[in-house]
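# Overview (structure and organization)
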Amino acid sequence: ARPRLEHVVATLDETAHLVVLRGTSVLFLDCVEPSRILHAGSRIGQSLPAHATAGGKALLAALPEERLLELFPHERLEAVTRRTQTSRRGLLRELARVRELGYAVNDGESEEELVAVAAVILSPDETPRGAITVAVPATRYDAAALERIVPVVRAAAAEIGEALP
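Since the structure is predicted, the reported quantities are computational estimates derived from the model, not experimental observations. (Residues numbered from 1 in each chain as written. Predicted model: local features only at pLDDT ≥ 70, side-chain atom pairs only at ≥ 80, totals over all residues. Heavy atoms only, no water.)

## Remarks on the pairing of strand 1 (residues 15–22)
Selection criterion: Three labels apply to residues, based on accessible area from a 1.4 Å probe with only protein chains included: buried if under 20% of the type maximum, exposed if over 50%, partly exposed otherwise in between. Secondary structure elements follow DSSP: runs of H or I of four or more residues count as helices, runs of E of two or more count as strands, with numbering from the N terminus. Two strands pair under a simple rule: DSSP has to find at least two bridges between them.
Of all 8 residues making up strand 1, 6 are buried, and the element is well covered by its neighbours. Taken together, the 5 bridges between strand 1 and strand 6 (residues 128–137) define a ladder with antiparallel strand orientation. From the neighbouring strand, V19 faces strand 6, where its bridge partner is A131. For strand 1 and strand 2 (residues 25–32), the ladder comprises 7 bridges, and the chain directions are antiparallel. Bridging across to strand 2, L18 finds its partner in D30. Counting the residues that bridge the hairpin from strand 1 to strand 2 gives 2 residues, and of these G23 lies at a positive phi of roughly 70°.

Dropping the structure here:
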């Protein structure tokens, strides 16, 4: 995955992470930072609630609803920031939208003033194996940024997935 992360950063000049799902959290496995002075920093080794991250939502959206209900048995979800989705019902609606779009967005839900866009990495048998996330300062995020980021992130995720056994 590292060469794909490097390609994402070379193309977008924004921070890229590789994350995996661990229960109801995501674990940040790898990161490539951009050359820009103002950027999202590396979170390698950190875990965050999956429902509060773009990568986590991309991964959760790839799971069957029964599994989601097992992972989130209660209606109330942990708030990380004031923008975090805190209801299971709201999360399930958002995950349905992620499935339609093919990407997930975290707009200040895990860190104030930070936006992230992610796509799930699916193995050839369609098993969710991880996600690629691009994080940008909110000051650089708008509709045009989303249009630039989505195809790059989705292509990187697809290429990594195709290379998996």
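## Some points on the side chain of D30
The cut-off we apply is this: Whenever a nitrogen or oxygen atom comes within 3.5 Å of another N or O atom, the pair is scored as a polar contact, on the condition that within protein one atom can donate a hydrogen and the other can accept it, and that pairs from neighbouring residues in sequence are kept only if both atoms are in side chains. A contact between two residues is defined here by any heavy atoms of the two lying within 4.5 Å.
Here D30 shows up in strand 2. Relative accessible area serves as the criterion here: at 17%, D30 is assigned to the buried category. Within the structure, the side chain of D30 is placed 2.6 Å from the side chain of R2, a separation counted as a polar contact. Apart from the residues within four sequence positions on either side, D30 is in contact with R2, L5, A16, H17, L18 and I44.

## Overview of the environment of V98
Looking at the secondary structure, you find V98 in helix 4 (residues 88–101). Residues V98 and A58, 40 residues apart in the sequence, show an inter-C-alpha distance of 6.7 Å. Ignoring anything within four residues of it in the chain, the contact list for V98 reads K57, A58, A61, Y103 and A104.

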